[in-house]
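# Results of the structural survey
So you can see what is in the structure, the chains are spelled out below.
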Amino acid sequence: MEHDPKLKRAVDSIRPKRTLWGLFGIILFFFVPELVTYIWQPELIGWAHAHSLTEPLAIQRMLYEQLEKMFADGVSWLNISIGVLLLIWVWR
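In short, a report on the structure. (Residues numbered from 1 in each chain as written. Predicted model: local features only at pLDDT ≥ 70, side-chain atom pairs only at ≥ 80, totals over all residues. Heavy atoms only, no water.)

## Describing the overall build of the chain
A tally of helices and strands in the chain yields four helices and zero strands. From first element to last, N terminus to C terminus, the chain shows the α and β order α-α-α-α. For the chain, the C-alpha radius of gyration of 19 Å lies well beyond 12 Å, the compact-globule estimate for 92 residues. Principal axes of the C-alpha set define a box for the chain whose edges measure 60 × 25 × 20 Å. Taking all contacts inside the chain whose residues are at least 6 apart in sequence as the whole, residues at least 24 apart take part in 67%. (Helix = DSSP H or I, 4+ residues; strand = E, 2+ residues; numbered from the N terminus. Rg over C-alpha atoms; globule rule 2.2 N^0.38 Å. Contact = heavy atoms within 4.5 Å.)

## Some words on the packing of helix α2 (residues 20-54) against helix α4 (residues 77-91)
At a closest axis distance of 9 Å, the pairing of α2 and α4 adopts a crossing angle of 165°. When the interaxial angle is binned, α2 and α4 end up roughly antiparallel. The crossing of α2 and α4 is left-handed. Listed contacts from α4 to Leu-23, Ile-26, Phe-29, Phe-30, Phe-31 and Glu-34 of α2 are Asn-79, Ile-80, Ile-82, Gly-83, Val-84, Leu-86, Leu-87, Val-90 and Trp-91. Grouping the amino acids of the contact of α2 with α4 by side-chain chemistry returns 12 nonpolar, two polar and one charged. (Axes fitted to C-alpha atoms, helices over the stretch in contact; angles between N-to-C directions. Parallel < 35°, antiparallel > 145°, perpendicular 65-115°, else oblique. Left-handed = near helix turned anticlockwise from the far one by under 90°. Nonpolar A, V, L, I, M, F, W, Y, C, P; charged D, E, K, R; others polar.)

## Details of the packing of aromatic side chains
Overall, the coordinates contain three aromatic pairs when judged by the stated rule. On the numbers, 5.6 Å between centres and 80° between planes, the contact of Trp-47 with Tyr-64 is edge-to-face. Linking Trp-47 in helix α2 with Tyr-64 in helix α3 (residues 58-72), this pair joins segments that are 17 residues apart in sequence. Looking at Trp-47, the relative accessible area reads 42%, which means it is partly exposed. (Phe/Tyr/Trp six-rings, centres within 6.5 Å; stacked < 30°, edge-to-face > 60°. Buried < 20%, exposed > 50% of the residue type's maximum accessible area, 1.4 Å probe, protein only.)

## Overview of a nonpolar patch on the surface
On the surface, a cluster of nonpolar side chains totalling about 1100 Å² of accessible area is made up of Trp-21, Phe-24, Ile-27, Leu-28, Val-32, Leu-35, Val-36, Tyr-38, Ile-39 and Trp-40. With respect to the helices and strands, the residue Leu-28 is situated in helix α2. (Patch = residues over 30% accessible without salt bridge, like charges linked within 9 Å, V, L, I, M, F, W, Y side chains within 5 Å. Areas by Shrake-Rupley, 256 points an atom, 1.4 Å probe, with all protein chains shown as cover. Salt bridge = Lys/Arg side-chain N within 4 Å of Asp/Glu carboxyl O.)

## Let's talk about the side chain of Thr-37
Topologically, Thr-37 is positioned in helix α2. Other than its neighbours up to four places away in sequence, Thr-37 contacts Leu-44, Phe-71 and Gly-74.

## Details of the side chain of Glu-34
In this fold, Glu-34 is placed in helix α2. Here Glu-34 occupies a buried position and makes no salt bridge, while the nearest side chain of opposite charge, Lys-69, is found at 18 Å. Filtering out sequence-adjacent residues up to four positions away, Glu-34 remains in contact with Val-75, Ser-76, Asn-79 and Ile-80. (Lys, Arg positive; Asp, Glu negative; His and termini not counted.)

## A word on the environment of Val-36
Along the chain, Val-36 falls in helix α2. Linking Val-36 and Leu-7, residues 29 residues apart in sequence, is a C-alpha distance of 37 Å. When near neighbours in sequence (up to four residues on either side) are disregarded, Val-36 contacts Gln-41 and Leu-44.

Here is the structure:
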């Protein structure tokens, strides 16, 4: 598999480019949402809870309840780990 040129081209095509925009995209997609959750977690939980109580549609209430649980869980270490691994992969 190491010497297969088609596989190497496929891996190179999905690898983020080593440019400012590539790094900015990784940081924006993986780290900024976790930073927002870390800073504004109580406000986000309160907002989702208030909407889950006042939403007239049952499906929307369930979505707000899931959102509240997601914010209550805190920062996603999986998301941060994937971001770090992508940054390492870009720099190699």
